[in-house]
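Now for the letters of each chain:
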Amino acid sequence: PVSNSEILDVTVIFSEPMNTGSAIVTAGMESPYDDITATMTGWSSTNCPDDPDYRDTWHGTLGGLVFLEGEMTLSIQAEDVDNNGLMNPSSTLAEWRYNDTHHDFTLESSGDSWTVTLHDYVNGSPVLSDLDDDGDLDVIVQCTDGYVHVLADDGSSWNENWPMSSGGWGSINVKSCPSIVDLNGGGLDILSVHACGCHARDLSTGGNISNWPVIMGGSEALGFYPSMSSPVIGDVDSDGYPEMILCRHLSDSTILEPTVYLFEHTGGAWTWRRNLETGGSSVISTPAVGDVSSSHFGMEIVVCTAEGYQTDGDSESSKDYNSAVYLLDPDNGLDIVSPAYYNCWFWASPVVADIDDDGVNEIIVGTGISGTSSRKVLVLNGNTLNEEHVWNVGSMVKHPVAIGDMNDDGILDVVAVDNSGKVNCWYWSGDEYQSLPGFPVSIEGIPAAPSIVNIDGDIELEIVVGTGDGYLYAINSDGSICSGYPVSCGSGVFGQVAIGNIDDDNGLEMIFADDINPVLYCYDLGAGTFPAEMPWRQFQHDSWHTGCID
């Protein structure tokens, strides 16, 4: 048996010269044995070592085994140079000199990584926060059916009161992420959406604190649905207490309702609510909150709309696509400057950072509908919402960008993924934006939201991203795939990978969830990977989901 945390060397010796471009070596637990694909490192000659043209021995490595355990079978596809066919070693007679009986091996768990079964699958992202102030991080995740899990460093439930239900959602799948904040001075609380508002649950009991949950609806408004937008926290009025901003999208109701709400830490009724556009406009992303504008005093709220988006509303005539980016005053929800309009839906959440080193923040957000004219990543001025730059990409952008100094030049760079399977990275050269050498990088499957962390203890940052095909990638700053990646990880990953030290050792862990099966994964990166630089380690930067690097 071998540890599933190891990278295995693979050597395949054939009985005659081979076509060196033909070999594919995979491994799996059941037919067609293709859970993992080996990486080729080269060819050599075993039977005729003096003949430089005789290539009969394939060399490679097999990594990404960490979430597999049990009997594995190698599958080898290859073509010889004279095209007369190869014998299947499993069916040859024992006396044949090229008989090979070593096609199987057994994987055993390394004990450093784990999986845990959840109440349902997950379309959001796990959140990391030190809930009990013990120096290590804990894991919080909301399933598509609304149940919220709070987990310790070994994957066990925090106590017998978790997971907790958030009430009936019907056919609506939750894509929201919980936020973690101390609302009343009594310790951290778990904020998670319900069908028409937000819970604020006490960590110990799982019950709501006083005056929570809050409701977005009223006698004249239904209040559905905040299922795609996460609660965002910030002390937006500088009173020393946190406020919550929560957005929602519309149903197929003829009642067009407010979709942006601000609640005080005390819960109860909203402080203000905003009806975007005439009669209402859906929000299917998470707003950004922070000191966005240098020309407006205090903090601001960035909201991106999806005009015409309706739950269960399939009529093409109802889809307006005339969406906008708003910069709102947190005192009253009014526009600080005129909105910036675009022919798209904003699935992706906006992110705020100074990416050209001019002392003024930019708002970076991707656009998303199927038309080629709306496959873009926008860079808007944080004071005016004027368009500073546009990057054209291969498909719609459904996830927020990540921010970090990938090339170590002292200026923040932008990492964005699009549905064509590309991971993009752009940097400011001093005169213009350029792609970082080695990018874009093509990966297998539709990528989820990227994280940026130094995961291997060197001096450079890596990009970590899961895919809808069930792979976890780590990408170096030069665009190369990190050794041992991709890792096979279930059916698919829709949410962002959260990265941190959850067990108070000297190693990082990656936490991510399956978007088809009810499974959460913890991938231990090993000794020497912590402390680490982690500029963008979880959804929208932090456990308040601010989306801002001030």
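Here the structure is a predicted model, which means the values were calculated and not measured. (Residues numbered from 1 in each chain as written. Predicted model: local features only at pLDDT ≥ 70, side-chain atom pairs only at ≥ 80, totals over all residues. Heavy atoms only, no water.)

**Examining the confidence of the model for the protein chain**
At step 1: Mean pLDDT over the protein chain works out to 89, with 89% of the residues at or above the 70 mark.
At step 2: Within the model, the stretch residues 92–102 combines pLDDT values under 50 with nine contacts to residues more than four positions away or in other chains. (pLDDT = per-residue confidence, 0-100. Contact = heavy atoms within 4.5 Å.)

**A closer look at the nonpolar core**
At step 1: Among the nonpolar cores identified, the biggest contains 55 residues, and Val-325, Ile-355, Val-377, Ile-403 and Val-423 are the most heavily contacted of them.
At step 2: Those residues within four positions of Ile-355 in sequence are excluded, and the remaining contacts are Glu-362, Ile-364, Val-379, Trp-391, Ile-403, Ile-411, Leu-412, Val-414, Trp-428 and Tyr-433. (Core = buried A, V, L, I, M, F, W, Y, C linked by side-chain atoms within 4.5 Å. Buried < 20%, exposed > 50% of the residue type's maximum accessible area, 1.4 Å probe, protein only.)

**Here's the deal with the sheet that holds strand β5 (residues 39–44)**
At step 1: One open sheet accounts for three strands, arranged β2-β6-β5; its pairing is antiparallel. Where the open sheet ends on each side, the last strands, each with one partner, are β2 (8–13) and β5. Adjacent strand axes in the sheet meet at a mean angle of 20 degrees when their direction is disregarded.
At step 2: Where β5 and strand β6 (residues 57–62) come together, five bridges link them in antiparallel fashion. Directly across from Met-40, in β6, lies its bridge partner Gly-60. (Pairing = 2+ DSSP bridges. Helix = DSSP H or I, 4+ residues; strand = E, 2+ residues; numbered from the N terminus. Axes fitted to C-alpha atoms, helices over the stretch in contact; angles between N-to-C directions.)

**Description of the pairing of strand β25 (residues 322–328)**
At step 1: Among the seven residues that make up β25, six are buried, leaving the element largely enclosed by the rest of the structure.
At step 2: Two strands pair when backbone bridges link them, and strand β23 (residues 300–304) and β25 are joined in this way by four bridges, in the antiparallel orientation. When the bridges of β25 are listed, Cys-304 appears paired with Val-325.
At step 3: As defined by bridge partners, β25 adjoins strand β26 (residues 340–343) across four bridges and the pair is classed as antiparallel. Residue pairing across strands places Asn-322 opposite Asn-343, the latter belonging to β26.

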